[in-house]
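The residues making up each chain are set out below.
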Amino acid sequence: MNSFVNTYANLPKEFYFPFQPDKVPAPKLIGFNHALSEELGLGLENTGDNELAQIFSGNKLMNGTEPIALAYAGHQFGQFVPQLGDGRAVLLGEVDTAKGRFDIQLKGSGATPFSRRGDGKSPLGPVVREFLVSEFMHRMDVPTTRALAAVATGETVHRERSEPGGVFTRVASSHIRVGTFQYFFARQEVNHLKTLMDYAIARHYSDIDLKDPERPLLLLKSVLKRQADLIARWMSVGFIHGVMNTDNTSVAGITLDYGPCAFMDDFDFQKVFSFIDRNGRYAYNRQPHIMLWNLARLADTLLPLMEGDDTRNIKKLEKELSQFELEFEQCWRIHFCRKLGLAESKDGEAMVQSWLKLLSDFKLDYTLSYRYLSEALNNDSIPEFFASTGDQGELFIKKWKSQLEAENVNPYKAAELMNTINPLVIPRNHWIQKVIDEVEQGNVKGFDEFYEVLKEPFKSRSKDHPMTLPPAVGEQVETTFCGT
Ligand code: AMP
Ligand code: MG
């Protein structure tokens, strides 16, 4: 069995509070990721569901864990909050695996010194949502935290209504946030800031030399590259994070803190789901701009770590930040051109632009449209799906086919390839809600089925498979909540 290493707990005491998760009355296992558990080497292959529920509710701690609640700050909707921290989460510890070091964290395990007025608990709904969505993101090759376990606690949690409680076990390459840097920056604790920087570099960017005086700049450059690619990947799957505050922005470049996130059904550049995002700050097409803003907040914190003249250093940081747009555009082009079966090029980009305009003008389903488009390659006629687009759809498909031809792509091969890149099934909001409603009633059959189907998002399925379909009238879920 793998042993815990717990390097974060060895950082100075200002980085966290030791904290024991609460005991819960009647833990019941809802979901468990056996494959991930094996990868982590937790030695739980022969552990029964009841015992797993005890462990992943926080009732029983695995040997070697040193539970701590991590300190961080953050800009929430543009407002700086100097102390946030893990208010409903606890890091159990870290394990080393063939794929690197991973944090294992419980979410919803009780009030910590960072909880302020919160109860430190989580309703079961957000636990189920994060489990399904984060594992789907992983399947789609989007860097993300992973889901190890979902447990119902047998407690009632009081929000707008009384809800069953849950604990989620999250696995992450780390939980270092832009907000973690801001925490020490705001406290003017430059030594701790430096310790954090070097810890983050050692853990995530081992190509940077820890003796290089330019490493604050190199760290910014590296985080920027990963985040540019991450946001492009989010957008390529129609994902809206919903609460891109700096405390929810990972320095490792992974998707972190699934709250009111959602995937679009019909395509809309300005789409917002989150109830609290009234001004659309975190709308679908604002995500790259917001990420740049968040990276600028990271840059603020790196200035005191640079040697030499501030004015010159600010210029250097600004120059680095100015690369984001180019970097993002390049990543965006790569991911979107692939979805249309095209090589990455300016022509490909123009084709993607007119494709997205078509989807937006005719409110087509973002996910299904790619699957029907690939069908057009095996047929001379235009799929019925595009009927509402009339001449415009026809014109687009004609142009797109000739672009493929110009690129010497075999249409059958292109169709096949597109169907390995564009998913047929995604965790649509209305389906997640249906599963949550059932789980709350104690029925996990729908959860199990959906989890299995989401493991094979590209597989061809019958045209009327309910999990592939957009919501019917009356089924749409247009608003999502933080779920805290
Ligand atoms: P988030 O929704 O993850 O962005 O959380 C923002 C901040 O609120 C973090 O510091 C959380 O730890 C804290 N928080 C969220 N929900 C709760 C809760 N139920 N109890 C205590 N703190 C919470
Ligand atoms: Mg958060």
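Residues numbered from 1 in each chain as written. Chains lettered and ligands numbered in written order. Predicted model: local features only at pLDDT ≥ 70, side-chain atom pairs only at ≥ 80, totals over all residues. Heavy atoms only, no water.

A.B. asks: What exactly am I supposed to notice about the side chain of E94 here?
C.D. replies: Tracing the backbone shows E94 in strand 6 (residues 89-97). Comment: no salt bridge for buried E94; closest opposite-charge side chain is R203, at 4.0 Å. Not counting the four nearest positions on each side in its chain, E94 is found in contact with S3, F4, V5, N6, T7, Y8, R101, F102, D103, Y199 and R203. (Helix = DSSP H or I, 4+ residues; strand = E, 2+ residues; numbered from the N terminus. Buried < 20%, exposed > 50% of the residue type's maximum accessible area, 1.4 Å probe, protein only. Lys, Arg positive; Asp, Glu negative; His and termini not counted. Salt bridge = Lys/Arg side-chain N within 4 Å of Asp/Glu carboxyl O. Contact = heavy atoms within 4.5 Å.)

A.B. asks: Can you walk me through the pairing of strand 6 in this structure?
C.D. replies: One face of the sheet, then the other: side chains in a regular strand alternate in exactly this way. Burial runs high along strand 6: eight of the nine residues are buried. Hairpin remark: strand 6 followed by strand 7 (residues 100-107), antiparallel, with two residues in the connecting loop. (Pairing = 2+ DSSP bridges.)

A.B. asks: When you look at helix 6 (residues 215-236) in this model, what are you seeing that I'm missing?
C.D. replies: Note on helix geometry: an α-helix contains 3.6 residues per turn, so any two residues three or four positions apart are oriented the same way. The first and last C-alpha atoms of helix 6 sit 31 Å apart over 22 residues, in line with the 32 Å expected at 1.5 Å per residue. With respect to burial, helix 6 is a largely interior element, 17 of its 22 residues being buried. Positive backbone phi, at 75°, marks G238, one or two positions downstream of helix 6. (Expected span 1.5 Å × (residues − 1).)

A.B. asks: Where do I start with the coordination of the magnesium ion (ligand 2) in this structure?
C.D. replies: Reference values for angles at a metal are 109.5 degrees in the four-donor tetrahedral case and 90 or 180 degrees in the six-donor octahedral case. Those donors, N248 (OD1) and D257 (OD), are the protein atoms that reach the magnesium ion (ligand 2), and they lie 2.0 to 2.1 Å from it. As far as burial versus exposure is concerned, N248 and D257 are alike and both buried. (Donors = N, O, S within 2.8 Å, 3.2 Å for Na, K, Ca; no water.)

A.B. asks: How do you make sense of the packing of aromatic side chains when you look at a structure like this?
C.D. replies: Ring pairs (aromatic) are described by centroid distance and by the angle formed between their planes. Under the criterion given, the structure shown has 27 aromatic pairs. Taken together, a centroid distance of 5.5 Å and an interplanar angle of 40° make the contact between F32 and F56 tilted. Here the residue F32 occupies a position in strand 2 (residues 28-32), and F56 occupies one in the loop between helix 2 (49-55) and strand 3 (68-70), the gap between them amounting to 24 residues. With relative accessibility at 8%, the residue F32 sits in the buried group. Assessed through its relative accessible area of 0%, F56 is described here as buried. (Phe/Tyr/Trp six-rings, centres within 6.5 Å; stacked < 30°, edge-to-face > 60°.)

A.B. asks: Help me understand the site of ligand 1 in this model?
C.D. replies: Near ligand 1 there are 18 residues, and of these G85, G87, R88, D119 and G120 occur at the shortest range. In this structure, G87 approaches ligand 1 through a main-chain N or O atom, which is 2.6 Å from an oxygen atom. The contact in question runs from a nitrogen atom of ligand 1 to an N or O atom on the backbone of K121, over 3.3 Å. Look at ligand 1: alone it shows 480 Å² of surface, and the protein chains cover 87% of it. A class-by-class count of the residues in the shell around ligand 1 yields two nonpolar, eight polar and eight charged. (Near = heavy atom within 4 Å. Polar contact = N/O pair within 3.5 Å; in protein donor to acceptor, adjacent residues only side chain to side chain. Areas by Shrake-Rupley, 256 points an atom, 1.4 Å probe, with all protein chains shown as cover. Nonpolar A, V, L, I, M, F, W, Y, C, P; charged D, E, K, R; others polar.)

A.B. asks: Can you help me understand unusual backbone geometry in this one?
C.D. replies: Across residues other than glycine, the phi torsion is negative in most instances, and most of the peptide bonds are trans. Unlike most non-glycine residues, R116 shows phi in positive territory, near 50°. Topologically, R116 is positioned in the loop between strand 7 and strand 8 (122-123). A positive phi angle is found at Q188, which is not glycine, with a value near 55°.

A.B. asks: Help me understand the pairing of strand 7 in this model?
C.D. replies: The buried fraction of strand 7 is high, at six of eight residues. Across eight bridges, the pairing between strand 6 and strand 7 is antiparallel. When the sheet's bridge partners are listed, E94 is paired in strand 7 with D103. Relative to strand 10 (residues 162-172), strand 7 runs antiparallel, the two being bridged by five bridges. Considered in strand 10, the bridge of Q105 is made with R170.

A.B. asks: I keep staring at the domain arrangement of the protein chain and nothing clicks. Help me out?
C.D. replies: Interfaces are frequently sized by the accessible area removed from exposure as the parts join. Each domain of the protein chain was delimited in the assignment, giving domain 1 (8-172) and domain 2 (178-331). Put simply, the middle of domain 1 and the middle of domain 2, counted by C-alpha atoms, are 23 Å apart. The partner domain 2 presents 36 residues to the 36 residues of domain 1 that form the contact. Across the domain 1 to domain 2 interface the summed buried area is about 3000 Å²; carbon plus sulfur atoms make up 65%. For domain 1, the biggest contributors to the area lost against domain 2 are F15, H75 and F77; these three give 21% of the whole. (Domains from an automatic or database assignment. Buried area = accessible area lost by both parts, 1.4 Å probe.)

A.B. asks: Mind showing me how you'd approach the nonpolar core here?
C.D. replies: A general feature of soluble globular proteins is that nonpolar side chains tend to end up buried together. One finds Y8, F56, F181, L340, W355, L356 and W400 to be the most contacted residues of the largest nonpolar core, which totals 145 residues. At eleven residues, helix 6 tops the list of elements feeding residues into this core. Here this core spans two domains, since at least three of its residues come from each of domain 1 (8-172) and domain 2 (178-331). (Core = buried A, V, L, I, M, F, W, Y, C linked by side-chain atoms within 4.5 Å.)

A.B. asks: I tried to follow a nonpolar patch on the surface on my own but got confused; where do I start?
C.D. replies: Residues F275, I276 and F481 make up a contiguous nonpolar surface patch of roughly 290 Å² in combined accessible area. Following the sequence through the fold, I276 ends up in the loop between strand 12 (262-263) and helix 7 (287-302). Look at I276 and you get partly exposed, because its relative accessible area is 43%. (Patch = residues over 30% accessible without salt bridge, like charges linked within 9 Å, V, L, I, M, F, W, Y side chains within 5 Å.)

A.B. asks: Sorry if this is basic, but what is going on with the packing of helix 6 against helix 7 here?
C.D. replies: Relative orientation and spacing of two packed helices are given, respectively, by the angle between their axes and the distance between those axes. Axis separation between helix 6 and helix 7 bottoms out at 10 Å; the angle between their running directions is 165°. The orientation of helix 6 with respect to helix 7, classified from their angle, is roughly antiparallel. The two elements helix 6 and helix 7 cross, and the hand of that crossing is right-handed. Packed against helix 6, whose contacting residues are P216, L219, L220, V223, L224, Q227, I231, W234 and M235, the element helix 7 presents Q287, P288, M291, L295, L298, A299 and L302 at the interface. Tallied by class, the residues present in the contact of helix 6 with helix 7 amount to 14 nonpolar, two polar and no charged. (Axes fitted to C-alpha atoms, helices over the stretch in contact; angles between N-to-C directions. Parallel < 35°, antiparallel > 145°, perpendicular 65-115°, else oblique. Left-handed = near helix turned anticlockwise from the far one by under 90°.)

A.B. asks: Sorry, what's going on with the side chain of Q403 here?
C.D. replies: Among the structural elements, Q403 can be located in helix 12 (residues 390-406). Once residues within four sequence positions are removed from consideration, Q403 is found in contact with L342, D347, G348 and M351.

A.B. asks: Please clarify how the environment of K28 should be interpreted in this entry.
C.D. replies: As for its placement among the helices and strands, K28 is situated in strand 2. Its relative accessible area of 41% is what places K28 among the partly exposed residues. Sequence-distant contacts of K28, that is, excluding residues within four places in its chain, are made with A53, A150, V151, A152, G442 and V444.

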